[in-house]
Amino acid sequence: SVCSGGVTHGQLLQLLLNTPLQFGVGYRFYRGAILGARHGNYGMDCLVVTGTTITFAYSFCELLRGCSLGVPATHVFLEASGMLLLFVTMGKFMEAYSRGSTMAAVSRLLALQPVVANLVREWDAEEEVTEEIVGTLAVQQISTELLQHGDVVRVDAGKPVPTDGVVVMGSSYVDESMITG
């Protein structure tokens, strides 16, 4: 025993191992809690800091009491603060990993979206012919970003559908695997 029999070697080892965890790994939680508190936002970081700091401080005081009085320190919970920091840090890592995977999947889906659409509109005989003319209708290629509510778009067979809409004429089959998997 250390300190006149009040603190065991195991408890001292716990203190030595958990102090860097509490203030090294816990630094990002302390920083987040302080920044959040300045803005009146007491979120998860504040809860983690409160729980781990109280556990660590109580255990540290119990060790000091045991050392100074020579009575065995019986209620030492240093491993609890270390484990809580470990579990919350692992949870944040898994959350960031899954968020990154989700963003990558969404980016891949957006890359499949066509960038041009065939806009169908009335053709004015006075106009210079710069697009395909079918009867009294003109088909003009435009960016999908320029489409507006109410526009009529021609979708050729086998081509991706550039936007949501309603079929007004004709019929075909659409590959829905991008939506349904």
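Every value quoted in this text rests on a predicted model; they were computed, and no experiment measured them.

### A few points about the environment of Leu147
Point 1. Note that Leu147 resides in the loop between strand 3 (137–143) and strand 4 (152–154).
Point 2. For the pair Leu147 and Asn118, spaced 29 residues apart in sequence, the C-alpha to C-alpha distance is 9.9 Å.
Point 3. Residues within four places of Leu147 in sequence aside, it is in contact with Ala117, Leu119, Ile142, Val153 and Thr163.

### Thoughts on the packing of helix 1 (residues 9–25) against helix 3 (residues 44–69)
Point 1. Close contact between helix 1 and helix 3 brings their axes to 11 Å; oriented N to C, the two are set at 150 degrees. The orientation of helix 1 with respect to helix 3, classified from their angle, is roughly antiparallel. The handedness of the crossing between helix 1 and helix 3 comes out as left-handed. Here Gln11, Leu15, Asn18, Thr19, Gln22 and Phe23 of helix 1 come into contact with helix 3, specifically with Thr52, Thr53, Phe56, Phe60 and Leu63.
Point 2. Partitioning the contact of helix 1 with helix 3 into residue classes produces 5 nonpolar, 6 polar and no charged.

### Focus on helix 1
A turn of α-helix holds 3.6 residues, and therefore any two residues three or four places apart point the same way.
Point 1. Helix length check: helix 1 (17 residues) gives 24 Å between terminal C-alpha atoms against 24 Å at 1.5 Å per residue, within 8%.
Point 2. At Asn18, helix 1 shows its maximal bend, which comes to roughly 30 degrees, and the proline Pro20 appears one to four places after that position.
Point 3. Among the residues of helix 1, Gln11, Leu15, Asn18 and Gln22 are the ones counted as buried.
Point 4. Contacts from the buried residues of helix 1 go to helix 2 (27–38), helix 3 and helix 4 (78–111).

### Structural notes on the environment of Val168
Point 1. Within the element layout of this structure, Val168 appears in the loop between strand 4 and helix 5 (177–180).
Point 2. What makes Val168 exposed here is its relative accessible area of 70%.
Point 3. For Val168 and Val153, which are 15 residues apart along the polypeptide, the C-alpha to C-alpha distance reads 9.6 Å.

### What to know about helix 4
Point 1. If you check helix 4, its first and last C-alpha atoms are 50 Å apart, about what 34 residues at 1.5 Å a residue would give, namely 50 Å.
Point 2. Taken as a whole, helix 4 has its buried residues at Leu78, Ser81, Gly82, Leu85 and Val88.
Point 3. Against helix 1, helix 2 and helix 3 lie the buried residues of helix 4.

### Concerning the pattern of salt bridges
Charged atoms that come close allow side chains of opposite charge to pair.
Point 1. Evaluation of the coordinates by the stated rule reveals 4 salt bridges.
Point 2. A salt bridge links Asp45 to Lys92, with the nearest nitrogen and oxygen atoms 3.7 Å apart. Here Lys92 lies in helix 4 and Asp45 lies in helix 3, a separation of 47 residues in the sequence.
Point 3. On the basis of relative accessibility, which here comes to 24%, the residue Lys92 falls in the partly exposed class.
Point 4. Across the pair Asp156 and Arg154 runs a salt bridge, and its minimum N-O distance is 3.1 Å.
Point 5. On the basis of relative accessibility, which here comes to 29%, the residue Arg154 falls in the partly exposed class.

Calculation notes
- Residues numbered from 1 in each chain as written.
- Predicted model: local features only at pLDDT ≥ 70, side-chain atom pairs only at ≥ 80, totals over all residues.
- Heavy atoms only, no water.
- Helix = DSSP H or I, 4+ residues; strand = E, 2+ residues; numbered from the N terminus.
- Contact = heavy atoms within 4.5 Å.
- Axes fitted to C-alpha atoms, helices over the stretch in contact; angles between N-to-C directions.
- Parallel < 35°, antiparallel > 145°, perpendicular 65-115°, else oblique.
- Left-handed = near helix turned anticlockwise from the far one by under 90°.
- Nonpolar A, V, L, I, M, F, W, Y, C, P; charged D, E, K, R; others polar.
- Expected span 1.5 Å × (residues − 1).
- Bend = angle between axes of the 7 residues up to and from the residue.
- Buried < 20%, exposed > 50% of the residue type's maximum accessible area, 1.4 Å probe, protein only.
- Salt bridge = Lys/Arg side-chain N within 4 Å of Asp/Glu carboxyl O.

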